[in-house]
Amino acid sequence: MFRIADPISIRSRSLVIVIMRFGSAVFPQLWRRAECSRLFSTRISAIEVPYTQSTVGAEEIDAVSQVIASDRLIMGPKVTEFESMLARFCGRKFAVAVSSGTSALQAVLHLRGVSSEWTVFVPAYTWVATYNVAVATGARVILVDVRPDSYCMSMRALERAIEDERKLFPNRRLCVMPVHMFGYRCGAEVDEITLDALSKQHNVTVIGDACCAFASVENGVTCGNWTPIECTSFHPRKLLTTGEGGAVFTDSEEEMLRLKRLRDHGAFRDAEQRKQTTQGGTLVPQFPEAGFNYRMTEMQGAIGVEQMKKIDWITSRRKSIARRYDEEIQASKELSSLLQVPLARTGLLDDRVLTAYPVKMNFASPASVVESFLSQDIQSTERYARMKRLRHEIIHHCAQVRVALRPPMICLPDIAFIVRDQVRLGILASEDQVDLRFPGARVCLDMTFALPSFPQLSADQQSRVLEVLHEFAAAHVTE
Ligand SMILES: Cc1ncc(COP(=O)(O)O)c(C=O)c1O
């Protein structure tokens, strides 16, 4: 289907590299690397590599068709089956399926009673939904900086934020929404203080946002079970999808029952009412409290069940794709001087299921990346500026040769209304202070992009991604 538009043979390209290297040493101004990369970018391969691809296939289509034929379109046996599979998989007593990750978070904030009397801490690097749902409760929402190595909220920054807030408002209720970014567990052993210890010490309610971490495992514990109550998303970009969809994980039967009411307008049906409902009876439910419509459809439930049957394949493919990227980037001098592979914690790498494969520009040594976000200096270095520019160029270059890379998340301090909120709440003295306050989130945004990583990614496609990165690195590494 695709044509090679400008076929420069391997041999002639090698010759160009030799001439270019020689030329750049002798006439640096004449032999600009940028010119060379422009030359390579005209070579289009037959292989196109999308950023992601859904794993929904024939099995899901069949299952949805059967649901449609059955006439039970919402909240039926498929949703129940999906919930049991989810709970079993995560080692939790209960999973409550809802219409999206956002509605899962909203239901849990409501369940915990978070309101304008509360302060909620959210990471500065996450999807905007984490912030939006917290703000919608009327709470004071405070951004907390993240670690550039794990992309998760820094426990040290959280501790400082809690202490500052306690000084201002000794009696406010506090809640933290740790986001387990890309499959990394927030507040685990990378920080000296764990989230668990910190939240207990300061009496902080924890609502886990695992919307982009479902199925990852750390220290033998599966995501869904990393915080006392945890929410996930089944958006098509996630590891497992139901189109739209989400779930809440809990071990409390009381919470499970209340969440089931909240997702269904607050309706409660006793055994007789449930029997009547299935037999076309007339008893109306009771409404002990106000609720929402966060119901999952039976079609979504059916897709979820089929997706769960593929979960081992999905996770093992993602792991082996990540392992190959890790190995090949680290083995190449040129690639590793340009890029850093995602954080691996000793002995735990094999369990981690990355829901995106984020690489970081090599703007500082891996050891100093961890600490660098505490200091502003790193961001004013020449190397930082160069790596920031190269990141932009790599994404652009790859797009030209039809290899899709993506910035995997967003930096909330780049969003104008959020910055205005932080100034209004007195958390920032002025809008100019943003970068001083959130250097970790800035590093994540400036330096990170994600490589294509999805179960169907073929070996040839992955080779193509690595080849394009190699070409780029070869042309830029000594620049
Ligand atoms: C960290 C995070 N929180 C919340 C959400 C919201 O999930 P959904 O799109 O299913 O509402 C997402 C989705 O991308 C997310 O990545």
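To keep things clear, this report deals only with the structure shown in the data block. Note that this is a predicted model, so its numbers are computed, not measured.

## As for the overall build of the protein
The helix and strand inventory of the protein stands at 19 helices and 15 strands. Residue burial in the protein is summarised as follows: out of 479 residues, 46% are buried. Across the protein, contacts joining residues at least 24 apart in sequence account for 72% of those joining residues at least 6 apart.

## Regarding the packing of helix α3 (residues 58–70) against helix α11 (residues 298–309)
Running from N to C, α3 and α11 point in directions that differ by 145 degrees, and their axes come no closer than 8 Å. The hand of the α3/α11 crossing is right-handed. Residue-level contacts link Glu59, Glu60, Ala63, Val64 and Val67 of α3 to Glu298, Met299, Ala302, Ile303, Val305 and Glu306 of α11. Tallied by class, residues from the contact of α3 with α11 come to seven nonpolar, no polar and four charged.

## Some points on unusual backbone geometry
A positive phi is found at Asp71, a non-glycine position, where the angle reads about 75 degrees. Residue classification places Asp71 among the exposed positions, given that 8 C-beta atoms sit within 10 Å. Of note, the phi angle at Asn219 is positive, near 50 degrees, even though the residue is not glycine. Positionally, Asn219 belongs in the loop between β8 (217–218) and β9 (221–222).

## Focus: the site of the ligand
Taken together, 14 residues are adjacent to the ligand, and Gly101, Thr102, Trp127, Cys211 and Ser233 come closest. Those elements that place two or more of their residues in the shell around the ligand are α5 (101–111) and α6 (128–136).

Cut-offs used in this document
Residues numbered from 1 in each chain as written. Predicted model: local features only at pLDDT ≥ 70, side-chain atom pairs only at ≥ 80, totals over all residues. Helix = DSSP H or I, 4+ residues; strand = E, 2+ residues; numbered from the N terminus. Buried ≥ 20, exposed ≤ 12 C-beta atoms within 10 Å, placed from the backbone. Contact = placed C-beta atoms within 7 Å. Axes fitted to C-alpha atoms, helices over the stretch in contact; angles between N-to-C directions. Left-handed = near helix turned anticlockwise from the far one by under 90°. Nonpolar A, V, L, I, M, F, W, Y, C, P; charged D, E, K, R; others polar. Near = placed C-beta within 6 Å.

Geometric values such as these leave the question of function open.
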